[in-house]
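The lines below spell out each chain.
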Amino acid sequence: MHTHTLTQLSAALATGQVSSVELTQHYLDRIQQLDPQFNSFITLDAERSLAEARAADARRAAGHAGPLTGIPLAHKDIYVAEGWRSTCGSRMLENFVSPYDATVVARCKDAGMVTLGKLNCDEFAMGSSNENSHFGPVKNPWDTQAVPGGSSGGSAAAVAARLTPIATGTDTGGSIRQPASFCGITGIKPTYGVVSRYGMVAYASSFDQGGPMARSAEDCAHLLNVIAGFDERDSTSLQRPAEDYTRELNQPLAGLRIGLPKEYFGDGLDSEVAATVQAAVEQFRQLGATVKDVSLPRTRMAIPTYYILAPAEASSNLSRFDGVRYGHRAAEYGDLADMYERSRSEGFGAEVKRRILTGTYVLSHGYYDAYYIKAQKVRRLIADDFQRAFADCDVIMGPAAPTAAFDLGSRSNDPLQMYLEDVYTLSPNLAGLPAMSIPAGFNRAGRPIGLQVIGNYFSEARMLGLAHQFQLNSDWHQQQPGSLA
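Read on for an overview of the structure. Fair warning: this is a prediction, and the values are worked out from it, not measured in the lab. (Residues numbered from 1 in each chain as written. Predicted model: local features only at pLDDT ≥ 70, side-chain atom pairs only at ≥ 80, totals over all residues. Heavy atoms only, no water.)

What about the pairing of strand 3 (residues 114-119)?
And step 1. Extensive coverage of strand 3 is indicated by the burial of 6 of its 6 residues.
And step 2. Two strands pair when backbone bridges link them, and strand 1 (residues 41-44) and strand 3 are joined in this way by 3 bridges, in the antiparallel orientation. In the strand pairing of strand 3, Leu-44 is matched with Gly-117.
And step 3. Inspection of the sheet shows strand 2 (residues 72-76) paired to strand 3 by 4 bridges, in the parallel sense. Within strand 3, the position partnered with His-75 by the bridge is Lys-118.
And step 4. A crossover connection joins strand 2 to the parallel strand 3 through helix 4 (residues 103-110); in handedness this β-α-β unit is right-handed. (Buried < 20%, exposed > 50% of the residue type's maximum accessible area, 1.4 Å probe, protein only. Helix = DSSP H or I, 4+ residues; strand = E, 2+ residues; numbered from the N terminus. Pairing = 2+ DSSP bridges. Right-handed = clockwise from strand over helix to strand, strands pointing away.)

Structural data, given as C-alpha cells:
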C-alpha cells in the first residue's frame, strides 16, 4: 500500500479494501524496519496511532468520513501535538509534552487523519541540511551519504522512503522546497498567512509558513485543503474565503506564461541542475506554455537581507526558552542569571546560538538602523521586483537549490557556504509569495533535482494544477530509492 497515492489510498479505504488500522500498522512496520538507517522520526507512539486509526474506521463505518479520513501522516516536530513529545529537534525541549494541538495538527485530526509520529528537523527549524538536530542528522534515502536538506529533512526523507504517504513541513527560507528537491518529492509553501502558525514553534514569525510535503502535487492539494484557512488565534492568519486547491488540477497549460529570471542561471548554479531545470521548462513549453526571460535584480540581496531579519526575529522568539517554566534547566547554577546562562548554553545547539547572537547584535543600539531597518527596506524592494515580473508572466520557474544534495558533513564547518544553498528560495519568503518544488530529474550520482515554481499571491491552486499536468507527463515523482522494498 505504500506505493499508492493519497487518492488511491482514500479510494481503498472507502471501498473497504483496507482499513485505517491495517494501513497504519503497515506504515508503522515500515518505519520500524527502515527508519533506523534514515533517522527521519524523533517520536513514535504506536498505541496512540492505532487508537486514532480505530476511531477513523468507526467514523467511516458511521458514514461520517471525509476524503482523508483514516489516512496516516506525520508531522514535522516543529508543530506541537497534544500528548506527543514536541521537541523542535532541540535539547531545550527534549522532554516537552504538549498540552494542546497546533492548528495544523488539529485540522488534520478533525479530518480523521492518523498521526504516525513526529519527524526530525533542524533545531528550531534553523538549517539547510538537517544536520543541526539534537537527535542526530537525517540521511537521504536516495544516498545515505547525502543530506536530505533542511530544515524539514525528516519530512522529506520519510515521504521519499515511503514511511508516510504525506507529511507536514514548515518553510522560513526554503525549508520545504529545498529538502523536497534533495529527496525527489513535491512540497509547497503557500502564501504567507494561508496556513495558521498557531502551535508552530516560532523561528522567524514574519517568514514561517506551514505546508504539505508529498510525492505529488495532487496529494499536496488534498492536504492543503485540510490545513489552510483562517485562524483567529493567529494574528497573521488571513481571513479569506475557503478554497478548493484541487480545482485546477485538470486545467490545460495552453496560455500559461512562464518567466525565467536571468539571475537564477548565473554563477554558482551547478551545470547538471541548470540542464535539468531547462529540460523541465522545455516540457512545459511542449505542453502549451510560453517562456520568456524576466529579471529579479535584487536576488543577490536576498541572503544578507534574510540573515539579518530572520535571526533578529529568532533572537526575540527564542528568549522565552530560559529554563524557568518549561524546557531544559541546568542541574547546577548559582543565581538566576547563572541559571539563564547555563540553561540556554546547554539547551541550544551551535547554529541556534549563532543566529541568536547575530539577531541580538543587529537589534542592539547603534546597529538597529544600520542593519535591521535597512534590511526591511530591501525586503520591500525584493517584493516589488516580483510584482514587476508578474506583470509579464503567470509563474516564475528556476532551480530550487544551486546543487543536488551534498554529502553529510561537507559543509558543517562553513556556515556561509551552507547559507548560500538558500539563494533561490529566500526571496519568495521575503515577499510572502507561494512557491513549490517538484521533482524534475537526477544528477549523474543519482541524486534528485527539483524545479522551483513561484506564483503570485494566492495562486496555489494554479501552481498545483500546472505541477500536476507536468507530473501527468513525467514520472520523476514516481521514482523511489532503489534500496527500498
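Section: the nonpolar core
And step 1. By size, the foremost hydrophobic cluster in this structure holds 134 residues, and its most contacted members are Phe-124, Phe-284, Phe-386, Met-397, Leu-451 and Leu-464.
And step 2. It is helix 9 (residues 302-317) that provides the largest number of residues to this core, a total of 9 residues.
And step 3. If near-sequence neighbours (up to four positions away) are discounted, Phe-386 is found in contact with Tyr-264, Leu-296, Ile-396, Ser-427, Pro-428, Ala-431, Leu-433 and Ile-454. (Core = buried A, V, L, I, M, F, W, Y, C linked by side-chain atoms within 4.5 Å. Contact = heavy atoms within 4.5 Å.)

Points about unusual backbone geometry
And step 1. The linkage connecting Gly-150 with the following residue, Ser-151, adopts the cis geometry, with an omega of 5°.
And step 2. Along the polypeptide, Ser-151 turns up in the loop between strand 3 and helix 5 (153-160).
And step 3. Phi angles above zero are rare outside glycine, and Phe-124 is one such case at about 50°.
And step 4. Take Phe-124: it is sitting in the loop between strand 3 and helix 5.
And step 5. Here Asn-130, not a glycine, exhibits a phi torsion of approximately 60°, which is positive.
And step 6. Locating Asn-130 in the fold gives a position in the loop between strand 3 and helix 5.

Quick word on the environment of Arg-215
And step 1. Relative to the helices and strands, Arg-215 is located in the loop between strand 6 (209-214) and helix 7 (217-227).
And step 2. Expressed as a C-alpha distance, the spacing of Arg-215 and Gly-347, which sit 132 residues apart in the sequence, is 35 Å.
And step 3. Ignoring any residue separated from it by four or fewer positions in sequence, one finds Arg-215 in contact with His-2, Thr-3, His-4, Thr-5, Val-159, Arg-162, Thr-186, Gln-471 and His-477.
And step 4. A polar contact is formed between the side chain of Arg-215 and the backbone oxygen of Thr-3, at a distance of 3.0 Å.
And step 5. Here the side chain of Arg-215 touches His-4 through a polar contact of 3.1 Å, landing on its backbone oxygen. (Polar contact = N/O pair within 3.5 Å; in protein donor to acceptor, adjacent residues only side chain to side chain.)

Quick notes on the packing of helix 2 (residues 20-34) against helix 3 (residues 46-61)
And step 1. For the pair helix 2 and helix 3, the least separation of the axes is 8 Å and the interaxial angle reads 155°. When the axes of helix 2 and helix 3 are compared, the pair comes out roughly antiparallel. With respect to the hand of their crossing, helix 2 and helix 3 are arranged in right-handed fashion. On the side of helix 2, the interface is formed by Ser-20, Val-21, Thr-24, Gln-25 and Leu-28, while helix 3 contributes Ala-46, Ser-49, Leu-50, Ala-53, Arg-54, Ala-56 and Asp-57.
And step 2. Looking at the contact of helix 2 with helix 3 residue by residue, the classes come out as 6 nonpolar, 4 polar and 2 charged. (Axes fitted to C-alpha atoms, helices over the stretch in contact; angles between N-to-C directions. Parallel < 35°, antiparallel > 145°, perpendicular 65-115°, else oblique. Left-handed = near helix turned anticlockwise from the far one by under 90°. Nonpolar A, V, L, I, M, F, W, Y, C, P; charged D, E, K, R; others polar.)

Observations concerning helix 11 (residues 350-363)
And step 1. The end-to-end C-alpha distance of helix 11 is 20 Å, a good match for the 20 Å that 14 residues give at a rise of 1.5 Å each.
And step 2. Every buried residue belonging to helix 11 is among Glu-351, Val-352, Arg-355, Ile-356, Gly-359 and Val-362, and all of these are buried. One side of helix 11 holds all its buried residues, which, seen down the axis, span an arc of 135°. For helix 11, the exposed residues lying more than 90 degrees away from the buried face are Ala-350 and Leu-357.
And step 3. In this fold, the buried residues of helix 11 make contact with helix 9, helix 10 (336-347), helix 12 (368-390) and helix 13 (415-419). (Expected span 1.5 Å × (residues − 1). Arc of directions from axis to C-beta.)

Quick word on the pattern of salt bridges
And step 1. Under the criterion given, the structure shown has 21 salt bridges.
And step 2. Its salt-bridge partner being Glu-248, residue Arg-462 comes within 3.9 Å of it at the nearest N-O pair. Residue Arg-462 is located in helix 15 (residues 460-472), and its partner Glu-248 is located in the loop between helix 7 and strand 7 (257-261); the two are separated by 214 residues in the primary sequence.
And step 3. Close ionic contact of Arg-342 with Asp-338 constitutes a salt bridge, the shortest N to O distance being 2.9 Å. Of the two residues, Arg-342 and Asp-338 both sit in helix 10, 4 residues apart, roughly one turn of that helix. (Salt bridge = Lys/Arg side-chain N within 4 Å of Asp/Glu carboxyl O.)

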